[in-house]
Amino acid sequence: MKALLLAAGFGSRLKPLTDHVPKPLTLFMGQPILDIVYRQVTSAGIESVAVNTHHLSEKIAAHIQKTALYKQPIQISYEEEILGTGGSINPLRPWLGSDDLLIFNGDIVTSLDLSAFCKAHEEQKPIASMVLLDHKEGTTPVWVKDGRVVSIGEPSPGALKRTFAGIFVDVLPQSGFQSVIDTYKKLLGTHKVFAFDHPGYWADLGIPKDYLEAHRELWQHPARTSILKALELDSSGWNWSEVDETLFIDGPLQAGFKQSFVFGDVKADQPIHIQRCIVYAGIELTKHSHEENKIITPYARLNII
């Protein structure tokens, strides 16, 4: 099995940050999301990995080249025009050959056991497998019965309502399609699409509010230790301020931060008031700085609505 990490999107909902940093290189718990995903994929035994790019493609390529984590060669598939989840597979067909392909969205963080998912796919031998979650409002419902997807969008009698998690294995020998979901809809009557349920941690980091909430949910999660292990996040350099409910990652405890997550070295001329914020390293906060509900980076500041 090979893997494709989807990293071509504009990250429009995180602008203006994503005018400077491609969304897969934005930070989760102080680390680029793409690094976390790549580590999970290779830890599951998948060594042949491709990354598709479009927006700020040169920054993603440079990050992969300079970061020791990435075992070269990484197949970088630059899309002059965004091809969509399904279309992104087409330029990679020669590289893929006859192997199955795990596709992983580059803007989600999850404790999913990828090894178990891949093993289940191999045992079931379906045309495709989808990771599914409890249904989330605002998402297209996926209906499941007896371990297989029976409908997408339209209710199906006796089926359970789920949400697609953005991770799947594709073995479709087709080309020229844009939407994997549309393709699956056409196949459901004649082919098996296996439904793999994931009841654990999963976060879509698409909008500023979700971005902050994902950090809070993980830190407050009763299974935090096992989730951090699944994400291979090293918490040895983390400092938690119980009084201020603030996590300092790879940086010292500082006054003036409340209910926040601070990544690395931040210079702050006290007194300051920073509350319910995510703060990137490299920020310089002047005396009496007052920020609430923000993502604060050296490139841009986003309101968390």
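Calculation rules
- Residues numbered from 1 in each chain as written.
- Predicted model: local features only at pLDDT ≥ 70, side-chain atom pairs only at ≥ 80, totals over all residues.
- Heavy atoms only, no water.
- Buried < 20%, exposed > 50% of the residue type's maximum accessible area, 1.4 Å probe, protein only.
- Helix = DSSP H or I, 4+ residues; strand = E, 2+ residues; numbered from the N terminus.
- Arc of directions from axis to C-beta.
- Polar contact = N/O pair within 3.5 Å; in protein donor to acceptor, adjacent residues only side chain to side chain.
- Phe/Tyr/Trp six-rings, centres within 6.5 Å; stacked < 30°, edge-to-face > 60°.
- Lys NZ or Arg CZ within 6 Å of the ring centre and 35° of its normal.

**Remarks on helix H5 (residues 114-124)**
Turning to step 1, where the next piece is worked out: For H5, every residue scored as buried is listed here: Leu 114, Phe 117, Cys 118, Ala 120 and His 121. Buried residues of H5 fall within an arc of 160 degrees about the axis and therefore sit on the same side. For H5, the exposed residues lying more than 90 degrees away from the buried face are Lys 119 and Glu 123.
Turning to step 2, where the next piece is worked out: Two to three positions downstream of the cap, the backbone nitrogen of Ser 115 sits 3.2 Å from a side-chain oxygen, assigning the N-cap of H5 to Asp 113.
Turning to step 3, where the next piece is worked out: Note on H5: the residue one or two positions beyond its end, Lys 125, has a positive phi of about 55 degrees.

**Considering the packing of aromatic side chains**
Turning to step 1, where the next piece is worked out: Under the criterion given, the structure shown has eight aromatic pairs.
Turning to step 2, where the next piece is worked out: Between the aromatic rings of Phe 248 and Phe 257, the centroid separation amounts to 5.7 Å while the plane-to-plane angle is 90 degrees, which identifies the pairing as edge-to-face.
Turning to step 3, where the next piece is worked out: By relative accessible area, Phe 257 is classed as buried at 0%.
Turning to step 4, where the next piece is worked out: Here Phe 263 and Tyr 280 contribute two aromatic rings whose centre-to-centre distance is 5.8 Å and whose plane-to-plane angle is 50 degrees, an arrangement assigned as tilted. With a gap of 17 residues between them, Phe 263 in strand E17 (residues 261-263) and Tyr 280 in the loop between strand E19 (273-279) and strand E20 (284-285) connect regions that are remote in the sequence.
Turning to step 5, where the next piece is worked out: You can call Phe 263 buried: its relative accessible area is 3%.
Turning to step 6, where the next piece is worked out: Residue class for Tyr 280 comes out buried when judged on its relative accessible area of 5%.
Turning to step 7, where the next piece is worked out: Site record: aromatic cluster; members linked through ring pairs are Phe 117, Phe 194 and Phe 196.
Turning to step 8, where the next piece is worked out: Seen from the ring of Trp 95, Lys 2 lies directly overhead, with NZ or CZ sitting 5.1 Å from the centre.
Turning to step 9, where the next piece is worked out: The cationic tip of Arg 224 hangs over the ring face of Trp 219; the distance from NZ or CZ to the ring centre is 3.9 Å.

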